Amino acid sequence: PRSKLLTFEGCNYFRQRLVLSTLSSRPVRIARVREDADEPGLREFEAGFIRLLDKLTNGSRIEVNETGTSVFYHPGLLAGGKLEHDCSCQRSIGYFLEPLMMLAPFAKCSVCVTLRGLTSGPEDPSVDYYLMCVLPLLKKLLPVGEVELKIHRRGVGRDGCGEVVFSCPVVRKMRPVQMTEEGKVRRVRGVAYTVRANPSMANRMVDSARSVLNKFLPDVYIYTDIVRGAEAGKSPGYGLTLVSESTEGMMHAADGSSHSKQFSVSTSGVVPPTPMLPEDIGRQTALLLIEERVRVNQVCLG
């Protein structure tokens, strides 16, 4: 029966389990969440994702024990609608945006969600990654309406304060997509951004990335996004996102930022990491894009 309870253990695939539970209308129980860790139970960002699901759905039943090591989730109706959500600064907006993109096309009403937090972080793809790589694929699947992802304010570093708006119309059916041929890379596009930092940082990242990519193909265009004032968060930073597109329409992406390393904790509090040089970010991101392409080819041939 569809209502049969599914039981899992551990914190792995936490978002995927809850997303599939919502789409299939099957309740789940996730037990032993970091049971043996020094700080057992759910983290703040995982609890934040549960709150986002609660806002998206109507009639969901969520139970968390006192230690946070066991979660019961009985999904309700995926209603959608217009809502706002403050993301935890432990993870970037991408952590919440990815499952939101999975759920939005199946909502009863059109979805318009405002997410606030980090637009780029050390553990998750940046918002530009989803804007330039994931969103075009989603548009191929949806036959009607306009799926949009707008960056209203960039937020990097520990203070965050970024803001993005994701909107998706009501979808009655999805268009089948056949993507079996990898093709050859025909062009690379990207964006180099700076937030409350010297604009020359963006140009240095662009030059460094092009010095690597132009050895393989000439069609490389990376535009710069200099963010100041109200459109910038409280912390300074900079980053780069690159996307390659093949002759068959296949897309791969890689990104890096000055806050690619996680914050460390000492007796005096949270210590921010030493920012990476713009040249290192440009070169490293370009090499990651090439590595991603090579890895996909090995999977296809293997």
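Below, the structure is looked at part by part. (Residues numbered from 1 in each chain as written. Predicted model: local features only at pLDDT ≥ 70, side-chain atom pairs only at ≥ 80, totals over all residues. Heavy atoms only, no water.)

### Quick look at the pairing of strand β13 (residues 237–246)
Two faces, one strand: in a regular strand the side chains alternate between the faces of the sheet. The following threshold applies: The buried label goes to any residue with under 20% of its type's maximum accessible area, the exposed label to any with over 50%, and the partly exposed label to all in between, with areas taken from a 1.4 Å probe on protein chains only. A run of H or I in DSSP counts as a helix once it spans at least four residues, and a run of E counts as a strand once it spans at least two, with each numbered from the N terminus. Any two strands with at least two DSSP-identified bridges between them are counted as paired.
Counting buried residues in β13 gives 10 out of 10 residues, a clear majority hidden from the surface. Of the two faces of β13, the one holding Gly237, Gly239, Thr241, Val243 and Glu245 and the one holding Tyr238, Leu240, Leu242, Ser244 and Ser246 are both buried throughout. Across 10 bridges, the pairing between strand β11 (residues 185–195) and β13 is antiparallel. The partner of Val195 across the bridge, within β13, is Gly237.

### Details of the sheet that holds strand β10 (residues 162–168)
Quick note on the threshold: Only the contacting stretch of a helix is used when fitting its axis, a line to C-alpha atoms as for every element, and angles between N-to-C directions run 0 to 180 degrees. The criterion used for residue contact is that any of the two residues' heavy atoms lie within 4.5 Å.
If you trace the 4 strands from one edge of the open sheet to the other, you get β7-β8-β10-β9, paired in mixed fashion. At either margin of the open sheet sits one strand with a lone partner, and together these are β7 (81–86) and β9 (148–153). Within the sheet, the average angular offset between the axes of one strand and its neighbour, ignoring direction, is 15°. As defined by bridge partners, β9 adjoins β10 across 5 bridges and the pair is classed as antiparallel. What sits directly across from Glu148, in β10, is Ser167. Against the sheet, helix α2 (residues 44–56) makes contact with β7 and β8 (111–117), and its axis sits at roughly 165° relative to β7, the strand it touches most. Most of the contacts of helix α3 (residues 93–103) go to β8, to which it runs at about 165°, and overall it touches β7, β8, β9 and β10.

### Overview of the packing of aromatic side chains
The relation between two aromatic rings is expressed through the spacing of the ring centres and the mutual angle of the planes. Applied cut-off: Centres within 6.5 Å are what make two rings of Phe, Tyr or Trp a pair, Trp counting through its six-membered ring; a difference in plane orientation under 30 degrees is then read as stacked, over 60 as edge-to-face, and the rest as tilted. Ring-over charges, as used throughout, are those where CZ of Arg or NZ of Lys falls within 6 Å of the ring centre and within 35 degrees of the ring normal.
Within this structure, the stated rule accounts for 4 aromatic pairs. Three or more aromatic residues joined by ring pairs make a cluster, and in this case those are Phe45, Phe49, Tyr95 and Phe96. Note that Arg91 overlies the ring of Phe45, its terminal NZ or CZ placed 5.0 Å from the centroid. Taking NZ or CZ as reference, Arg154 lies 4.4 Å from the ring centre of Tyr193, over its face.

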